[in-house]
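# Observations on chain architecture
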Amino acid sequence: MIDLIIDGAQVQVPAGTSILEAVLRMGREIPHFCYHPKLAVVGSCRMCQVEVQGAPKLVISCATPVAEGMEVLTASERATKARKAVLEFLLLNHPLDCPICDKGGECPLQDYTFKYGPGESRFVEEKVHRIKHQPIGPFVVFDAERCILCSRCVRFCNDVVGTSELGVFSRGDRSVIGLFPGQSLDNKYSGNVIDLCPVGALTSRDYRFKSRPWDLVTQVPSVCGLCSAGCNIVVDVRHKEQGQQLLRIRPRINDDVNGYWICDDR
Amino acid sequence: MTEETIHKILSRYPHRRSALLPLLHLCQQEAGYLTDEALRLLSKRLGLSPTQVVEVVTFYDMFHLKPGGQREIWVCHNLSCSLLGAEKVVRRFEEALGIGAGETTQDGLFRLKRVECLAACGIAPVVQVGAEYYGPVSPQDVAQFVERLRAQSAVSNQGSAFLPKADG
Amino acid sequence: MSEKILTKRLENPGYGGTIEEHLATGGYQAIAKALKEHTPASLIELVRRSGLRGRGGAGFPTGVKWGFVPKDPGLTKYLVCNADESEPGTFKDLDLIMRDPHQLLEGILLASYAIGCQTAYIYIRGEFIAGATILERAIKDAATHGFLGKDILGSGFSVEIHPHRGAGAYICGEETALLESLEGKRGLPRLKPPFPATAGLYRLPTVVNNVETLCNLPHIVLRGPEWFSSIGTPKSTGTRIFSVSGHVRRPGNYELPIDVPMRELIFEHAGGMRDGRRLKAVIPGGSSVPVLTEQYLDTRMDFESLAKAGSMAGSGGVIVMDESTCMVRTGEVVARFYHHESCGQCTQCREGTAWLHKTLRRIEEGRGRKADLDLLLDICENMKGKTICPLSDAAAMPIESYLKYFGDEFEQHIVERACPFASTDGS
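Residues numbered from 1 in each chain as written. Chains lettered and ligands numbered in written order. Predicted model: local features only at pLDDT ≥ 70, side-chain atom pairs only at ≥ 80, totals over all residues. Heavy atoms only, no water.

## A short note on the overall build of chain A
Keep this limit in mind: Only DSSP runs of H or I covering at least 4 residues are called helices, and only runs of E covering at least 2 are called strands; the numbering of each starts at the N terminus. Computation of the radius of gyration draws on C-alpha atoms, with the globule rule given as 2.2 Å multiplied by the number of residues to the power 0.38. Between buried and exposed lies partly exposed: a residue is buried under 20% and exposed over 50% of the maximum accessible area for its type, with that area taken using a 1.4 Å probe on protein chains only. Note on definitions: a residue-residue contact is assigned when non-hydrogen atoms from the two residues lie within 4.5 Å. Values of accessible area rely on a 1.4 Å probe in the Shrake-Rupley scheme; residue burial ignores everything except the protein chains shown. Asp and Glu count as negative and Lys and Arg as positive, but His and the ends of the chain are not part of the count. The atom standing in for a charge is NZ when the residue is Lys, CZ when it is Arg, CG when it is Asp and CD when it is Glu.
When its secondary structure is counted, chain A shows 5 helices and 13 strands. Since a compact globule built from 266 residues should have a radius of gyration of about 18 Å, the 20 Å found for chain A is in line with a globular shape. With the C-alpha coordinates of chain A rotated into their principal frame, the extents come out at 55 × 50 × 40 Å. Counting all 266 residues of chain A, 52% fall into the buried class. Residue pairs at least 24 apart in sequence account for 57% of intrachain contacts in chain A once pairs closer than 6 positions are excluded. Surface summary for chain A: the accessible area is close to 12,300 Å², and the carbon and sulfur share equals 53%. Here chain A carries 31 positive and 31 negative side-chain charges, and the mean point of each set is 2 Å from the other.

## Focus on empty space enclosed by the protein
Our working rule: A pocket, in this scheme, is an open set of points on a 1 Å grid over the protein atoms alone with protein on both sides within 12 Å along at least 5 of 7 lines, while a cavity is a set where a 1.4 Å probe fits but cannot get out; residues line either one if an atom lies within 4 Å of a point. Grid points are joined across faces, edges and corners, and a volume is the space filled by probe spheres set on the points. Residues are sorted three ways: Asp, Glu, Lys and Arg are charged, Ala, Val, Leu, Ile, Met, Phe, Trp, Tyr, Cys and Pro are nonpolar, and all the rest, Gly among them, are polar.
The full count for this structure, using the stated rule, is 6 cavities of 30 Å³ or more. Space inside the largest cavity adds up to approximately 180 Å³. Forming the boundary of the largest cavity are 15 residues, of which Asn93, Arg130, Glu145 and Cys147 of chain A together with Glu351 of chain C lie nearest the centre. For the lining of the largest cavity, the class distribution of residues is 7 nonpolar, 3 polar and 5 charged.

## With respect to the packing of aromatic side chains
Heads up, the condition is: Aromatic rings from Phe, Tyr and Trp, with only the six-membered ring used for Trp, were paired whenever their centres fell within 6.5 Å, and each pair was classed as stacked if the ring planes differed by under 30 degrees, edge-to-face if by over 60, and tilted otherwise.
Under the definition given, this model contains 22 aromatic pairs over all chains. Here Phe89 of chain A and Trp355 of chain C contribute two aromatic rings whose centre-to-centre distance is 6.0 Å and whose plane-to-plane angle is 90°, an arrangement assigned as edge-to-face. Of this pair, Phe89 of chain A sits in helix H2 (residues 77–92) while Trp355 of chain C sits in helix H14 (residues 347–364), each in a different chain. Since its relative accessible area comes to 1%, Phe89 of chain A is described here as buried. Residue Trp355 of chain C is classed as buried on the basis of its relative accessible area of 1%. Arranged with centres 5.2 Å apart and planes meeting at 70°, the rings of Tyr113 of chain C and Phe157 of chain C form a pair that is edge-to-face.

## Some points on the pairing of strand S4 (residues 206–210) of chain C
Residue and element names in this part refer to chain C. Our working definition: We call two strands paired when DSSP finds no fewer than two bridges between them.
Most of S4 sits out of view: 5 of its 5 residues are buried. The alternating pattern of S4 places Thr206, Val208 and Asn210 and Val207 and Asn209 on opposite faces, both of which are buried. With 5 bridges connecting them, strand S1 (residues 78–83) and S4 associate as parallel partners. Looking at S4, one finds that Asn82 is bridged to Asn210.

## Remarks on the interface of chain A and chain C
We count it as follows: What gets called buried area is simply the loss in accessible area from a 1.4 Å probe that two parts show on being joined, summed for both. Salt bridges are defined as contacts in which a side-chain nitrogen from Lys or Arg sits within 4 Å of a carboxyl oxygen from Asp or Glu.
Every contact between the two is made by 36 residues of chain A and, on the other side, 33 residues of chain C. Of the roughly 2,700 Å² buried between chain A and chain C on both sides combined, carbon and sulfur atoms contribute 51%. Interface area lost by chain A to chain C is led by Phe89, Arg122 and Arg171 of chain A, which between them contribute 27%. Where chain A touches chain C, the interface holds 4 salt bridges. In this structure, Arg122 of chain A engages Asp378 of chain C in a salt bridge whose closest nitrogen and oxygen atoms are separated by 2.8 Å.

## Quick look at the layout of surface pockets
The gaps of empty space that remain are located by a probe, the size of a water molecule, rolled over the atoms. All names here are of chain A. Size it by volume and the second largest pocket reaches roughly 1,500 Å³. Listing elements by their share of the lining of the second largest pocket, those giving two or more residues are helix H3 (108–116), helix H5 (192–196), strand S10 (202–204), strand S12 (232–240) and strand S13 (243–251). Element by element, the count of residues in the lining of the second largest pocket is highest for S13, at 6 residues.

## Some points on the environment of Gly8 of chain A
Residue placement: Gly8 of chain A occurs in the loop between strand S1 (2–6) and strand S2 (9–13). Considered as a pair, Gly8 of chain A and Leu73 of chain A are 65 residues apart in the sequence and their alpha carbons are 8.0 Å apart.

## Things to note about the sheet that holds strand S3 (residues 127–129) of chain B
Residues and elements named next belong to chain B. Put simply, the rule is: Each axis is a line fitted through C-alpha atoms, and for a helix only the stretch in contact is used; angles between axes span 0 to 180 degrees, taken between their N-to-C directions.
One open sheet holds the 4 strands; their spatial order is S2-S1-S3-S4, and the pairing between them is mixed. The sheet is open, and its two borders are formed by strand S2 (110–115) and strand S4 (132–134), each paired with just one other strand. Ignoring strand direction, the axes of neighbouring strands in this sheet form an average angle of 20°. Summarising the sheet, strand S1 (residues 71–76) and S2 pair through 6 bridges and their orientation is parallel. Residue pairing in the sheet places Ile73 in a bridge with Leu112 of S2.

## Examining the packing of helix H3 (residues 40–50) of chain C against helix H6 (residues 101–115) of chain C
Residue and element names in this part refer to chain C. Operational definition: Roughly parallel means an angle under 35 degrees; roughly antiparallel, over 145; roughly perpendicular, 65 to 115; everything else is oblique. Definitions for this section: a left-handed crossing has its near helix turned counterclockwise from the far helix by less than a right angle. A right-handed crossing has that turn clockwise.
Where H3 contacts H6, the two axes come as close as 7 Å, and the packing angle between them is 120°. One element, H3, and the other, H6, form an angle in the oblique class. The interaxial crossing formed by H3 with H6 has left-handed handedness. Here Pro40, Leu43 and Ile44 of H3 lie close against H6, whose contacting residues are Leu110, Tyr113 and Ala114.

## Notes on the pattern of salt bridges
Here the structure, examined in full by the defined rule, presents 59 salt bridges over all chains. Two residues, Asp61 of chain B and Arg171 of chain A, come together in a salt bridge whose shortest N-O distance is 3.1 Å. With Asp61 of chain B in the loop between helix H4 (50–59) and S1 and Arg171 of chain A in the loop between strand S8 (167–169) and strand S9 (176–178), this pair bridges two chains. Its relative accessible area of 28% is what places Asp61 of chain B among the partly exposed residues. Here the salt bridges share partners, and the residues they tie into one network are Glu87, Arg114 and Glu116 of chain B together with Arg329, Glu332 and Arg336 of chain C.

## Things to note about helix H5 (residues 92–99) of chain C
Given 3.6 residues per helical turn, the α-helix brings residues three or four places apart onto the same face. What counts here: It is the directions from the helix axis to the C-beta atoms whose arc is reported.
Considered for burial, the residues of H5 of chain C that qualify are Lys92, Asp93, Leu96 and Ile97 of chain C. Along the long axis of H5 of chain C, the arc covered by the buried residues comes to 100°, so they all point the same way.

## Some thoughts on the side chain of Glu127 of chain C
Mapping Glu127 of chain C onto the fold places it in the loop between strand S2 (119–124) and helix H7 (129–144). Looking at Glu127 of chain C, the relative accessible area reads 11%, which means it is buried. The contacts of Glu127 of chain C, once residues within four sequence positions are left out, are Met62, Trp74, Leu118, Gln128 and Tyr133 of chain B together with Gly168 of chain C.

## Observations concerning H3 of chain A
Residue and element names in this part refer to chain A. Every buried residue belonging to H3 is among Leu109, Tyr112 and Thr113, and all of these are buried. Viewed end-on, H3 has its buried residues packed into an arc of 105°, placing them on one side of the element. Across H3 from its buried face, at more than 90 degrees, point the exposed residues Phe114 and Lys115. Those residues of H3 hidden inside the fold are in contact with H2.

## Observations regarding the packing of H3 of chain C against helix H9 (residues 211–223) of chain C
All names here are of chain C. It is at 10 Å that the axes of H3 and H9 come closest, and there the two elements cross at 100°. Overall, the two elements H3 and H9 adopt an arrangement that is roughly perpendicular. Mapping the contact onto sequence places Leu43, Leu46, Val47 and Ser50 in H3 and Leu217, Ile220 and Val221 in H9. Considering only residue class, the contact of H3 with H9 consists of 6 nonpolar, 1 polar and no charged.

## A few points about the interface of chain B and chain C
Formally: The term polar contact refers here to a pair of N or O atoms within 3.5 Å; inside protein, the definition further demands a hydrogen-donor-capable atom paired with an acceptor-capable atom, and it admits residues adjacent in sequence only when both atoms are side-chain atoms.
Opposite the 41 residues of chain B that make contact, chain C presents 61 residues. With both chains or domains summed, chain B and chain C bury close to 4,100 Å², and 58% of this area falls on carbon and sulfur atoms. Of all residues in chain B, Arg12, Phe59 and Leu83 of chain B give up the largest surface area on contact with chain C, accounting jointly for 17% of the area buried on that side. The interface formed by chain B and chain C contains 4 salt bridges. Of the charged contacts, one joins Glu136 of chain C and Arg12 of chain B as a salt bridge, the two residues approaching to 3.2 Å between their closest N and O atoms. In this structure, the connection of chain B to chain C is made through 20 residue pairs in polar contact (both at pLDDT 80 or more). Listing elements by their share of the side of chain B that touches chain C, those giving two or more residues are helix H2 (20–31), H4, helix H5 (79–83) and helix H6 (86–97) of chain B. Here the residues of the side of chain B that touches chain C sort into 21 nonpolar, 11 polar and 9 charged.

Here it is as structure tokens:
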């Protein structure tokens, strides 16, 4: 076990734990986009930077293991400025279509911007326009303008499913998620990329424009009955005048059964 | 691209994926660009998904997914060249070829490309065609330069090889 | 005139770089000597004592880098020669590879022997087609003469060298991006640690050395580390090939003691300024480094002196600009380059390089706002030291320096709503 200090609090975690995981274990938040507990760490969104006493530069907490006696400041002036800057950079070309975005209301980019981001934009250039609402598979719609290139969806298809339909094409600010011409995202687990996407770039074809997340008043923990695997799920229900309406099924984390994922069967 | 060539390239690396760039270069040399068929073939040979091949292809400036000119004229517009008149050189090329940078001539002979540093700044402004570097290229030289390239293409087109002739 | 080392053979205009000519001028004697007189460990020690530092940009001591490679003989190790020369203003590989490829091959042999590598790759930039062809030929000739392949010179040491062409991406000059590219992937720099010395190509111990660095090795082995370290300063030893371009009379490669004063390099060797114009600015180490002005002309070109002056020795690419140069336009061209070349994985670099470019273009076109100057500085601040690799810093540092020394020029563009320079580049 490693002893360290995070924001003044004494913490003990197993060796090999990252700073980010240590903070999450404390029940606290470090904003992040590309990190996901079940995907390889790429450290590219740079959102989770924190200050470690004695280190000349900020470190990304997702890829920095804890060390004995380490002192971490998650909200130092430097870390706060860097975080705000990453959000500003991400928002430069992000469209302002949140009012009609299915992710709105449960969007990490939106929530982090509200909590940590700049209140106004200093960007006076024209935003880059890209392809919008393009169906890329039986369940998934892609909006390239909203994508922040965290690559979670790509890593999921590469490392978890092993089908590698999605990739990052081109480079720099021309980078865009894409598929081989004529191919579609139709592996058995494709719907998971909707849950993985931290913005509204990958949304559900079924659920599209059906509801605002805050209108899903009942989130019912359940177990999928379509096969014997018994994947743990959450059933999102909306109450309407004429009764209840089941709108969405999402995976419920259970490492002993389905981990973070469910299949596309219905 | 013969089976023998593929084997020779694969034998250089302990992991077959490393052969991707060399094989892409070969495919492009043969067809002038990377056809969907070539991409599918490489993905099978190297154990990659077709998307993974396109990811790599689109990352690098030299690969093309669409047919372009038989020969590419690269005009460097980076700092050392720009200090010595590269923008004028680009413009003269556009005039002499009747196209904008990034475009291909109607007859399919030339694609004009603005490129970043070609690592030959000692002879700036630099133009590269095939393996050959030319410089310093002054704006006044460009019309004649294009004429010479056209004359060369007329000769090389009598043969069947696509390969750009590197002699300047 | 000081002594040339790496380019001595090239002083003879008739030297064609064939293996016969190379052998007739002392070629492949260093590897013979090393195989006879040195263990890998003593060769590493020799290079460490010479003080040789990497010539690619970072200036890391070569012997120390080699020393990080695990000694376990059961582990496969790789040497990769970085011939992806792409830092704007740098063009020494053109001479070193085209005109004397065997010097480089011998350097690769020595480095491979030192770290225990049996397969070496030369990652050469894709556009340098002629260089790749020359290397293929030179490798064949070296093998025919018994300097490459199995049991070299009866020593039991075996190594193969393969050239590998890139395909047009500046970022592949960054060593971990280069390794990704060599593995057949997009050239995305890796998170470090682990460093290549322990987990490099195919996650095995790997050394990546620059062409010029490797070309120094035969000479260090033949003439000894003390001779080498007697050139230059205690911390920056040997000669360096400076690639001088821009508004000078004689642009070209000049091999000089690494601590040559900038004034001597520009005004004696490169012939001084063209057209009787006055020097305005010098970028001393490739387009990534901060600019310096006339007042720094007496600065020496070694790593420490340039750092003290507020810039960097970088890649040795020296870009000289005269008084007719618009520094806003220079900023636009430099920013455009990094915008084009960012790999795109880190947020600050992907978005910041584009933002810098667009803002500078707008100012150059006469549509700048007063607030843009502070904005540019803050974008730079937000880009520096916060990404996986230094490309983001490389894009930000030059712009900061242009604003520092030529801020009035930026303001003039904004106030006059136009570029005040009679353009030298036709823009």
